[in-house]
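For reference, the chains in residue letters:
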Amino acid sequence: MSMSMSLPPIEAPRDVAQEPLLRVDDLWIGYRSRAGTVPAVRRVSFALGEGESLGLVGESGCGKSTLAYAVMHYLGRSGVRLHGEVRYRGEELAAMSPERLRAIRGQEVAMVYQDPMSSLNPTLTVGEQLMEVPLAHGTATRVQARERAIAMLGEVNLANAEALLARYPHQLSGGQQQRVVIAMALMGEPRLLVMDEPTTGLDVTIEAAILDLIAELQRRRRMALLFISHNLGTVMRVCERIGVMYSGELVEEGATDAVFRRPRHPYTRGLLECLPTFDTDKRTVTLRPIPGQVPAVLKDVEGCVFAPRCMHAQAPGCTTVTPQAEPVVGAPGHTVRCARHAELPPWSPPRAIDAMDAPAVNGGEALLRIEGLHKVYDSARAWSSRGNGGVHALNGVSISAHRGRTLAIVGESGCGKSTLARILTGLEEGNRGTVRFGGVDLAATAVEARTAEMKRAVQMVFQHPEGTLNPSHTVGFAIGRTLARLAATPRRELRRAVERLLQTVHLPPSYARRLPGQLSGGQKQRVAIARALAGSPALVVADEPVSALDVSVQAAILNLLLELQSESETTMLFISHDLAVVRFLADHVCVMYLGQVMEYGTVEAVFQPPYHPYTEALLSAAPVADPDAHQRRIVLEGSLPSATRVPQGCPFHTRCPRKLGDLCETTRPPEHHLPGGHRIACHIPLPELQAIEPVLGPVRAEAGD
Amino acid sequence: MSETTISEARRRPVWLRLLAGLALLRESRVGMIGAGIVVFWVAVAVLAPWISPYPPNATLVPFALPGAAAPDGGVFWLGTDHIGRDILSRVIWGSRTVLIYAPLATGCAYVVGIVLGLVAGYHRGWVDEVLSRFSDLVLSFPVLVLYILIIATYGSSGLNIVLAVTFASAPAVMRIVRGLVLDIRDRDYIAAAQMRGERTSYILFVEILPNVRGPLIVDACLRLGYVIITIGVLGFLGLGLPPPDPDWGGMINETRSMTMAFPHMALFPCLAISSLVLGLNLLADGIREVLLNA
């Protein structure tokens with residue numbers, strides 16, 4: 001008994017010199033289900049040395065999270081390792097005693113999960129949770145543990161650490177919570193940190209700060225990092241090496257730079273071609289989505305897993321022989337699992353031919369003109385409000401959208417973009433200001449008060465594919481009901497009209513009989529688009545329609561939106577936080593912050609100097625999956641203020657790196673008007689703003705020096 | 001209207017879908033046992049005129065023990081009671097009473113509870129406040145006292161039992177439905193329905209109601225068992241159906257003074273109540289299991 005109480009010393013086997021910190025060898029993992037064991041990870045081999053960082057990317061269901069859990073030797077009740085080895089410093093995890101595994105997990109290997117709130121105990125203070133790590137492992141006294149906790153909070157750039165120790169998790173913002181979780185993981189001084197989508201739920205500027213922190217901590221502490229993400233740009237920002245997963249297999253692995261510049265696997269190439277980048281837009285480049293979909297259940301297929309979707313696949317080689325991971329000639333450490341990788345033509349990214357040749361058309365009549373729009377939500381329970389006057393969701397917004405064009409609204413949470421969408425569609429009413437649309441004022445007209453014609457004219461596509469369709473109704477019913485209500489389609493023609501709409505969104509007519517549970521996320525979004533188009537609306541409000549989708553599906557939906565818009569002259573209000581998508585899709589951009597418009601103009605004007613300092617920070621924070629893009633780093637201090645307490649003066653002054661002084665805190669900034677309708681709301685004089693260097697310069701910036 | 005054409009194409013007939021649902025239940029052993037017991041009692045109730053050996057109210061031989069020979073050459077399998085009625089026949093006929101009034105009462109409680117819950121959850125505001133406070137009031141009152149008050153005031157009849165159960169159970173159903181609606185009302189498909197200008201009743205019954213059915217079915221099974229117990233208790237307290245029609249609770253009440261000497265008179269109706277309630281509880285567990293796995 002006393003033997004098991006004292007922790008076994010962590011000593012490595014003798015051949016530690018040859019053994020990397022972590023080695024995964026031909027790993028197969030499956031999940032037991034009623035239908036038998038379903039494989040989730042197959043044939044995965046990789047090694048991670050002391051102080052190295054490896055990013056694993058892939059679309060949902062590719063097995064990347066399962067792999068992360070396998071490294072922690074935690075697969076839950078239904079997960080089973082079918083084959084292969086996971087060795088930490090040469091020692092097989094599966095052969096370890098529970099005590100040894102516990103010691104390893106706390107002190108040697110630590111993990112950070114996606115949702116910080118599920119890693120933090122809501123009933124314990126931050127201090128108690130941080131101190132628990134060394135105390136549980138018996139490596140420090142309470143006083144020492146407290147000192148280390150304070151030091152660690154400083155290390156993750158949290159100011160005022162002493163005060164923070166006494167706080168409860170719910171009193172922190174999302175970014176602060178994730179920093180605390182990272183600090184907690186680092187308390188045991190781990191040699192290996194496993195992170196599963198650590199920044200996915202966060203706002204862009206917060207995400208960028210955390211990613212930079214992770215990269216810096218990893219370098220400073222010489223710690224190995226296994227970083228899992230669905231976002232190529234994120235991995236690019238943090239990791240030296242990258243592994244691309246598809247359908248449970250690691251199809252390509254190598255130095256991040258090499259994989260992005262010279263991808264060898266057709267799937268990696270496909271992913272890169274799906275991504276809009278900052279030097280491309282809809283006039284110069286078409287996104288090329290990968291045909292087909294990720295197989296739902298992995299069967300042990302003959303041949304290459306990607307062959308059914310691969311444009312380079314050749315029978316019988318690709319369809320009968322399982323390809324092995326082969327090294328790429330001339331690129332040490334770059335391996336690819338493709339039988340034909342040596343024969344593939346060299347790859348070049350879909351670059352803009354010359355963006356200057358095709359400027360955005362600025363003209364066109366304004367279909368939608370929003371002026372001085374205000375929206376204040378009263379506090380939920382009037383009698384308990386402490387006189388803070390409610391939530392200022394929109395604070396004097398003035399923008400316009402042109403017929404047949406796309407206006408993108410960009411901003412972080414609390415900027416009011418969803419409130420604006422709800423006012424346009426009549427789900428809410430504005431308090432002050434006007435929304436002129438085809439001769440009527442939408443601002444004060446809730447949906448019940450709208451005429452059939454007004455309802456028909458404005459429709460919406462929602463963010464979450466899961467919530468957008470009623471799970472109890474078939475696709476045909478959802479579209480048919482909308483057709484009957486908005487387009488007054490006669491009953492006899494309903495079935496044919498539904499099929500026609502399904503065809504416009506590239507779904508087979510037989511899908512009319514399916515329930516939403518039988519569709520993938522991208523297909524649901526297609527149905528939602530078909531439903532929005534049922535009444536041939538003049539204005540479609542799309543609230544983050546692609547943010548919940550995988551990259552390859554996102555590309556297909558963006559293409560679909562473009563195609564439909566070019567056919568029908570529909571005006572689109574596209575709400576997004578993804579600047580690369582906005583750069584690609586939009587004609588006009590409106591940058592919002594805490595209910596106010598910071599900058600508005602054509603997409604070319606907004607993405608080039610002069611910028612508003614907030615636009616500049618957003619551009620700097622955007623994850624860019626392009627090794628050639630030169631991105632200037634701007635770190636924003638502090639966290640996003642809550643919309644219940646919007647700062648006086650310029651709302652951005654609390655975080656602005658270019659703040660002038662008291663003026664910004666007291667006076668609402670004036671608008672600089674530039675040619676082409678470009679507006680910037682900032683106290684900084686225009687010539688100074690014009691002198692700001694571009695945040696995103698391709699090779700040009702380097703050549704200039 | 002127009003939805004009829006699509007609904008023809010969109011779904012298989014109701015009975016087919018019910019059968020498919022029952023087929024799913026096969027995956028839960030507990031659920032199958034529960035379903036077996038419930039089906040057994042339903043069959044007994046339906047076939048009562050053909051399978052009961054004697055008329056339920058016929059007085060034959062008093063105080064016969066289980067297995068005693070009957071004067072007509074048959075057997076009193078479960079014995080007879082103090083005035084000579086065959087207990088087996090009375091248990092069989094008694095199942096009819098229970099299986100008519102318990103589902104009827106539960107059904108009424110559900111109709112009222114669902115409508116109130118949908119309205120309260122969807123509209124929020126003062127409607128919700130008034131309905132919720134009223135349901136708190138009813139639920140905070142001791143249920144049995146409530147039943148006794150209602151039935152003692154308005155007299156014992158099948159209709160009054162149904163009314164009493166509805167009054168006492170509908171608030172609980174309303175709370176469940178309201179909780180589910182609060183979650184669903186903010187889904188995007190509800191916003192989409194509002195944007196195409198649907199009436200509130202359409203949104204409540206076509207868009208929201210089908211999506212709360214899972215938890216409600218489980219709750220309905222459990223609640224049905226509880227109502228069966230309640231009807232038994234009311235019968236035992238003499239507030240059930242007026243005699244002489246057989247009623248399980250009433251049978252226990254009539255013979256309780258003789259329990260020491262003739263335990264069989266009360267035992268068999270007790271067993272009947274327990275087995276039916278147990279069957280419903282197991283069925284609810286099974287459905288819950290299947291819903292969680294689906």
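That block above? That's the structure.
Definitions and limits used
- Residues numbered from 1 in each chain as written.
- Chains lettered and ligands numbered in written order.
- Predicted model: local features only at pLDDT ≥ 70, side-chain atom pairs only at ≥ 80, totals over all residues.
- Heavy atoms only, no water.
- Helix = DSSP H or I, 4+ residues; strand = E, 2+ residues; numbered from the N terminus.
- Rg over C-alpha atoms; globule rule 2.2 N^0.38 Å.
- Buried < 20%, exposed > 50% of the residue type's maximum accessible area, 1.4 Å probe, protein only.
- Contact = heavy atoms within 4.5 Å.
- Buried area = accessible area lost by both parts, 1.4 Å probe.
- Salt bridge = Lys/Arg side-chain N within 4 Å of Asp/Glu carboxyl O.
- Polar contact = N/O pair within 3.5 Å; in protein donor to acceptor, adjacent residues only side chain to side chain.
- Nonpolar A, V, L, I, M, F, W, Y, C, P; charged D, E, K, R; others polar.
- Disulfide = S-S within 2.5 Å.
- Pairing = 2+ DSSP bridges.
- Axes fitted to C-alpha atoms, helices over the stretch in contact; angles between N-to-C directions.
- Phe/Tyr/Trp six-rings, centres within 6.5 Å; stacked < 30°, edge-to-face > 60°.
- Expected span 1.5 Å × (residues − 1).
- Arc of directions from axis to C-beta.

## Topic: the overall build of chain A
At step 1: Along chain A, the regular secondary structure elements total 26 helices and 26 strands.
At step 2: Over its C-alpha atoms chain A spans a radius of gyration of 27 Å, differing by no more than 12% from the 27 Å that the globule rule assigns to 705 residues.
At step 3: Overall size of chain A, expressed as C-alpha extent along the three principal axes, is 80 × 65 × 60 Å.
At step 4: Expressed as a percentage of the 705 residues in chain A, the buried residues total 56%.
At step 5: By sequence separation, contacts in chain A at least 24 residues apart represent 68% of the contacts at least 6 residues apart.

## Things to note about the interface of chain A and chain B
At step 1: Contacts between the two partners involve 32 residues from chain A, matched on the other side by 28 residues from chain B.
At step 2: Both sides of the chain A and chain B interface together cover about 2,700 Å² of buried area, and 54% of this is carbon and sulfur.
At step 3: Linking arginine 485 of chain A and glutamate 198 of chain B is a salt bridge whose minimum nitrogen-to-oxygen distance equals 3.7 Å.
At step 4: Where chain A packs against chain B, one counts 10 residue pairs in polar contact (both at pLDDT 80 or more).
At step 5: Broken down by secondary-structure element, the contributors of at least two residues to the side of chain A that touches chain B are strand S18 (458–461), helix H16 (465–468), helix H17 (475–487) and helix H18 (494–504) of chain A.
At step 6: Along the lines of polarity and charge, the residues of the side of chain A that touches chain B split into 10 nonpolar, 13 polar and nine charged.

## Considering the state of the cysteines
At step 1: Under the criterion given, the structure shown has zero disulfides over all chains.
At step 2: Looking at cysteine 338 of chain A, it has no disulfide partner, and the nearest cysteine sulfur is the one in cysteine 318 of chain A, 6.1 Å off.
At step 3: The class of cysteine 338 of chain A is buried, set by a relative accessible area of 6%.
At step 4: With no disulfide of its own, cysteine 221 of chain B lies closest to cysteine 108 of chain B among cysteine sulfurs, the gap being 17 Å.
At step 5: By relative accessible area, cysteine 221 of chain B is classed as buried at 10%.

## Brief notes about the sheet that holds strand S25 (residues 679–681) of chain A
Through backbone hydrogen bonds, the strands of a sheet pair up, either in parallel or in antiparallel fashion.
Residues and elements named next belong to chain A.
At step 1: Strands sit in the order S18-S19-S20-S15-S21-S22-S25-S24 across an open sheet of eight strands; the sheet is mixed. Because the sheet does not close on itself, it has two edges, and the strands there are S18 and strand S24 (671–673). Adjacent strand axes in the sheet meet at a mean angle of 20°, parallel and antiparallel pairs treated alike.
At step 2: Relative to the sheet, helix H19 (residues 521–533) contacts S18 and strand S19 (539–543), its axis offset from that of S18 by approximately 175°.

## Side note on the environment of methionine 184 of chain A
Residues and elements named next belong to chain A.
At step 1: As for its position among the elements, methionine 184 is in helix H8 (residues 174–186).
At step 2: Methionine 184 sits 72 residues away from valine 112 along the chain, and the two C-alpha atoms are 8.9 Å apart.
At step 3: If we ignore the near neighbours within four places in the chain, the residues touching methionine 184 are Ser119, Leu120, Gln129, Leu130 and Val133.

## Observations concerning helix H9 (residues 200–208) of chain B
At step 1: Those residues of H9 of chain B not exposed but buried are Tyr202, Ile203, Leu204, Glu207 and Ile208 of chain B.
At step 2: Looking at the packing, one finds that the buried side of H9 of chain B touches H17 of chain A together with helix H4 (87–123), helix H7 (158–184) and helix H8 (188–195) of chain B.

## A few points about the packing of aromatic side chains
Residues and elements named next belong to chain B.
At step 1: If you walk through the whole model with that rule in mind, you get 14 aromatic pairs over all chains.
At step 2: Here tyrosine 54 and phenylalanine 76 contribute two aromatic rings whose centre-to-centre distance is 5.4 Å and whose plane-to-plane angle is 45°, an arrangement assigned as tilted. Of this pair, tyrosine 54 sits in the loop between helix H3 (29–51) and strand S1 (68–69) while phenylalanine 76 sits in strand S2 (residues 75–76), placing them 22 residues apart in sequence.
At step 3: With relative accessibility at 0%, the residue phenylalanine 76 sits in the buried group.
At step 4: Ring geometry for phenylalanine 63 versus phenylalanine 262: centroids 5.0 Å apart, planes at 35°, classification tilted. You can see phenylalanine 63 sitting in the loop between H3 and S1 and its partner phenylalanine 262 sitting in the loop between helix H11 (248–255) and helix H12 (264–293), a full 199 residues away along the chain.
At step 5: Residue class for phenylalanine 63 comes out partly exposed when judged on its relative accessible area of 36%.

## As for the pattern of salt bridges
At step 1: Following the criterion strictly, the structure yields 51 salt bridges over all chains and no others.
At step 2: Between arginine 23 of chain A and aspartate 25 of chain A there is a salt bridge; the shortest N-O distance is 3.5 Å.
At step 3: In this structure aspartate 25 of chain A comes out as partly exposed when scored by relative accessible area, which is 32%.
At step 4: Linking aspartate 136 of chain B and arginine 175 of chain B is a salt bridge whose minimum nitrogen-to-oxygen distance equals 2.4 Å. Separated by 39 residues along the polypeptide, aspartate 136 of chain B in helix H5 (residues 125–139) and arginine 175 of chain B in helix H7 bring together distant segments of the chain.
At step 5: One network of salt bridges, in which partners are shared, links Glu155, Glu189, Glu216, Arg220 and Arg221 of chain A.

## Digging into the environment of valine 440 of chain A
All names here are of chain A.
At step 1: Mapping valine 440 onto the fold places it in strand S17 (residues 440–441).
At step 2: When the C-alpha atoms of valine 440 and methionine 184 are compared, they prove to be 56 Å apart, with 256 residues separating the residues in sequence.
At step 3: When near neighbours in sequence (up to four residues on either side) are disregarded, valine 440 contacts Val435 and Met454.

## A word on unusual backbone geometry
At step 1: A cis amide bond links proline 609 of chain A to the next residue, proline 610 of chain A, at an omega of 0°.
At step 2: Considering the arrangement of structural elements, one finds proline 610 of chain A in the loop between helix H22 (603–606) and helix H23 (613–621).
At step 3: Its identity as a non-glycine residue notwithstanding, serine 536 of chain A has a phi of 45°, on the positive side.
At step 4: Of the residues examined, serine 536 of chain A reaches a relative accessible area of 54% and is grouped as exposed.
At step 5: One non-glycine residue, phenylalanine 63 of chain B, adopts positive backbone phi at about 60°.

## A word on helix H6 (residues 143–154) of chain B
Residue and element names in this part refer to chain B.
At step 1: With 12 residues, H6 extends 17 Å from end C-alpha to end C-alpha; this agrees with the ideal 16 Å at 1.5 Å per step.
At step 2: Those residues of H6 lying buried are Leu146, Tyr147, Ile150 and Ile151. On an axial view of H6, the arc spanned by its buried residues comes to 115°, and they lie on one face. Within H6, the exposed residues directed more than 90 degrees away from the buried face are Ala152 and Thr153.
At step 3: In this structure, the buried residues of H6 make contact with H5, H7 and helix H10 (213–236).
At step 4: Phi turns positive one or two residues past the end of H6, at glycine 155, with a value near 90°.

## A few points about the pairing of strand S10 (residues 249–255) of chain A
All names here are of chain A.
At step 1: Counting buried residues along S10, six of its seven residues qualify, which places the element largely inside the surrounding structure.
At step 2: Bridging between strand S9 (residues 241–246) and S10 involves six bridges; their strand directions are antiparallel. Bridge assignment links tyrosine 246 to a residue of S10, and that residue is glutamate 249.
At step 3: Summarising the sheet, S10 and strand S12 (residues 335–336) pair through two bridges and their orientation is antiparallel. Along S12, the bridge assignment pairs glutamate 253 with threonine 335.

## What about the pairing of strand S8 (residues 224–229) of chain A?
Residues and elements named next belong to chain A.
At step 1: Most of S8 sits inside the fold, with six of its six residues counted as buried.
At step 2: The alternating pattern of S8 places Ala224, Leu226 and Ile228 on one face and Leu225, Phe227 and Ser229 on the opposite face, and all of these are buried.
At step 3: With five bridges connecting them, strand S3 (residues 53–57) and S8 associate as parallel partners. If you follow valine 57 over to S8, its bridge partner there is serine 229.

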